[in-house]
Amino acid sequence: METEIAKTGILVDPLQGKPLPKTHYFSLLLFKTYLDLRAEASRTYLNFLWWIVEPVLYMGVFYVVFGLMFKRGDGPDYVPFLLCGLMAWKWFDSTIRSGANAIQVNAALIGQVFIPKIFFPSVTIVHNMVKFAFVLIIFLVFLQYYGLGWNITYVALPAILVVQLLLIAGCTFLLASIVPFIPDIMQVVNYALTLLLFLSGIFYSVDSFPEQYQAYFYLNPMVSIIEAYRDVMLYSQWPDLTSLSIVAAVSILMIVTGAWIMSRYERVYPRVVL
Amino acid sequence: MTDSEPIVKLENVGVCFSQRQGLFKRSTFWALENISLNLYHGETLGVVGGNGAGKTTLLKILSGILEPSVGCYTNPGFRASMLTLQLGFVHNLTGRDNAVLSGMLLGQTRQQMMAKMDAIVEFSELADFIDQPVRTYSTGMRARLGFSVAIEASPDILLIDEILGVGDTSFRAKSTAAMKTLIVSDRTVVLVSHNHAIMRELCDRVVWIENRSTCMEGPVDEVLTAYVKSRLP
């Protein structure tokens, strides 16, 4: 029992010798995220306005290329169609890009004090979640002005958001747990994300492909998620709950696996990342 | 002072590192081979040994950062951490935010750190600068803040890798004095140092580590004399 505590590294109050409440790392997570967001904002002249400007620029680039140059937007509603996909994709992409090597970039801290390794990718996830909230709100306002207002299917929106959060957490945890051992994965991740950007049905609808190929697209969970957003926000339809449930189940499995690897190799990471 | 049971016990502890050398080649080396020691409540245990003897790795085992590959490490839940200055500092944040963050990383709650803020500001002599971003600080100011936080947030078992005085001459004297006060107090301390005068002054017992194994553990004078003798040609 005694060695058990030492192994799991539960914090104890310095003077009482009793474990601190388990919420310690949770409040540390919130505080660290809050500070990181502030530090990030304070680095630029426009401050936190960048959280709005940056996604607008990001979407603007793709709008110019695919909406204007390639004239993909034959349909009248191509702009909301494109932006809806990009909004969801950007959340997925930016969290994974910075979360996959979260343990590695904190090597100095890991070598100085014991912190559960799952803490580091979690900070990235919460950080990007807050930034996505801004994007989502702007997009909802845009839809109102565009003439695609609220409808009853918005009831399903929180469920889609939760499923996407689970998917992001699953991918980030799993990658963050392996990347310290095989840093080469980071290179692959960057290209895989670029490839997935074009395979996620952001610039086109999967329906426009021959039927025998469509099934392959759905191996990519982002396709189902982006379609669900579009169903609710653009077409006032209920999303396909079956495919969302499958994505959620697989994501939870990835979260558990990633968390297990991180706790299993908790004291091995400091040796590997230094 | 050294009553009854040790609070932390290491028995025949070894740490093995495995390093990649090529695509499929791996090599292993032992950073620690056979370390045994006892740490009693309230004592100050000195650690001596040559370069590369494994002193820093030993501190990492005691602070729970690394896990022994072999041997037995017993700690019934006391929090031990290394005295590190400027732990987790983010240069774009104010001194106050960094102090709280650093303290929380060391296991203090946010409220505890808020309560200690006045003492930190006073000790670090930062005055109004505490609410300025750390990136605007001079090296000395940063070191003073780092030291003040480390002293205020120090845990139950404090692991010190060489006593460091920081800052200018007057703050150096003050910080060394503060550290000595902390060591002499009821706190349990493991002190790694090459300064034998300081060890004779502060330590209750000394462990001598050589070739990644415990060579000798005992009273300060006895161990230090043997250690010095072994160093002479």
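Conventions used here
- Residues numbered from 1 in each chain as written.
- Chains lettered and ligands numbered in written order.
- Predicted model: local features only at pLDDT ≥ 70, side-chain atom pairs only at ≥ 80, totals over all residues.
- Heavy atoms only, no water.
- Helix = DSSP H or I, 4+ residues; strand = E, 2+ residues; numbered from the N terminus.
- Rg over C-alpha atoms; globule rule 2.2 N^0.38 Å.
- Buried < 20%, exposed > 50% of the residue type's maximum accessible area, 1.4 Å probe, protein only.
- Contact = heavy atoms within 4.5 Å.
- Areas by Shrake-Rupley, 256 points an atom, 1.4 Å probe, with all protein chains shown as cover.
- Lys, Arg positive; Asp, Glu negative; His and termini not counted.
- Charge placed at Lys NZ, Arg CZ, Asp CG, Glu CD.
- Core = buried A, V, L, I, M, F, W, Y, C linked by side-chain atoms within 4.5 Å.
- pLDDT = per-residue confidence, 0-100.
- Salt bridge = Lys/Arg side-chain N within 4 Å of Asp/Glu carboxyl O.
- Polar contact = N/O pair within 3.5 Å; in protein donor to acceptor, adjacent residues only side chain to side chain.
- Axes fitted to C-alpha atoms, helices over the stretch in contact; angles between N-to-C directions.
- Parallel < 35°, antiparallel > 145°, perpendicular 65-115°, else oblique.
- Left-handed = near helix turned anticlockwise from the far one by under 90°.
- Nonpolar A, V, L, I, M, F, W, Y, C, P; charged D, E, K, R; others polar.
- Patch = residues over 30% accessible without salt bridge, like charges linked within 9 Å, V, L, I, M, F, W, Y side chains within 5 Å.

1. Overview of the overall build of chain B
In terms of helices and strands, chain B carries 7 helices and 9 strands. In terms of overall dimensions, chain B is globule-like: its C-alpha atoms have a radius of gyration of 19 Å, near the 17 Å expected for 233 residues. Referenced to the eigenvectors of the C-alpha coordinate spread, the extents of chain B come out at roughly 50 × 50 × 40 Å. Burial analysis of chain B (233 residues in total) assigns 55% to the buried set. In chain B, 66% of the contacts between residues at least 6 apart in sequence involve partners at least 24 apart. Counting every atom, chain B has about 10,100 Å² of accessible surface; 51% of that belongs to carbon and sulfur. Positive and negative charge centroids in chain B, built from 22 and 24 side chains respectively, lie 9 Å apart.

2. Here we look at the nonpolar core
One finds Met87, Phe92, Phe203, Ile225, Tyr229 and Met233 of chain A to be the most contacted residues of the largest nonpolar core, which totals 56 residues. Every element with two or more residues in this core is listed here: helix H3 (50–69), helix H4 (78–99), helix H7 (119–146), helix H8 (157–178), helix H9 (185–199), helix H11 (221–233) and helix H12 (241–264) of chain A. If one sorts the elements of this core by residue count, H4 of chain A sits on top with 12 residues. The residues contacting Met87 of chain A, other than those within four sequence positions of it, are Met59, Phe132, Val135, Leu136, Phe139, Tyr229 and Met233 of chain A. Phe31 and Ala39 of chain A together with Phe89 and Val134 of chain B belong to the second largest nonpolar core, which has 48 residues in total.

3. Some remarks on the confidence of the model for chain B
Averaged over all residues, the pLDDT of chain B is 86; the fraction at 70 or higher stands at 97%. Both scores are given for the predicted complex: the pTM is 0.88, the ipTM 0.86.

4. Quick word on the interface of chain A and chain B
Listed as interface residues are 33 residues of chain A and, on the opposing side, 38 residues of chain B. At the surface where chain A touches chain B, the tally comes to 1 salt bridge. Along the contact surface separating chain A from chain B lie 5 residue pairs in polar contact (both at pLDDT 80 or more). Among the elements of the structure, helix H1 (2–8), helix H2 (24–42), helix H6 (107–110) and helix H13 (269–273) of chain A are those that each provide at least two residues to the side of chain A that touches chain B. The leading source of residues in the side of chain A that touches chain B is H2 of chain A, at 9 residues.

5. Regarding the packing of helix H4 (residues 139–152) of chain B against helix H5 (residues 169–184) of chain B
Think of two packed helices as two axes; the pair is described by the angle between the axes and how far apart they sit. Residue and element names in this part refer to chain B. Relative orientation of the contacting elements H4 and H5 amounts to 10°, with a least axis distance of 11 Å. Comparing the axis directions of H4 and H5 gives the class roughly parallel. Our pair here, H4 against H5, has a crossing hand that is left-handed. Contacts from Arg144, Phe147, Ser148 and Ile151 of H4 reach H5 at Phe171, Ser175, Ala178, Met179 and Leu182. Residue classes in the contact of H4 with H5 are distributed as 6 nonpolar, 2 polar and 1 charged.

6. Details of a nonpolar patch on the surface
Residues and elements named next belong to chain A. Taken together, Tyr45, Leu46, Leu49, Trp50 and Leu57 make up a surface patch of nonpolar side chains, about 560 Å² in accessible area. Here Trp50 lies in helix H3. On the accessibility criterion, Trp50 (31% relative accessible area) is partly exposed.

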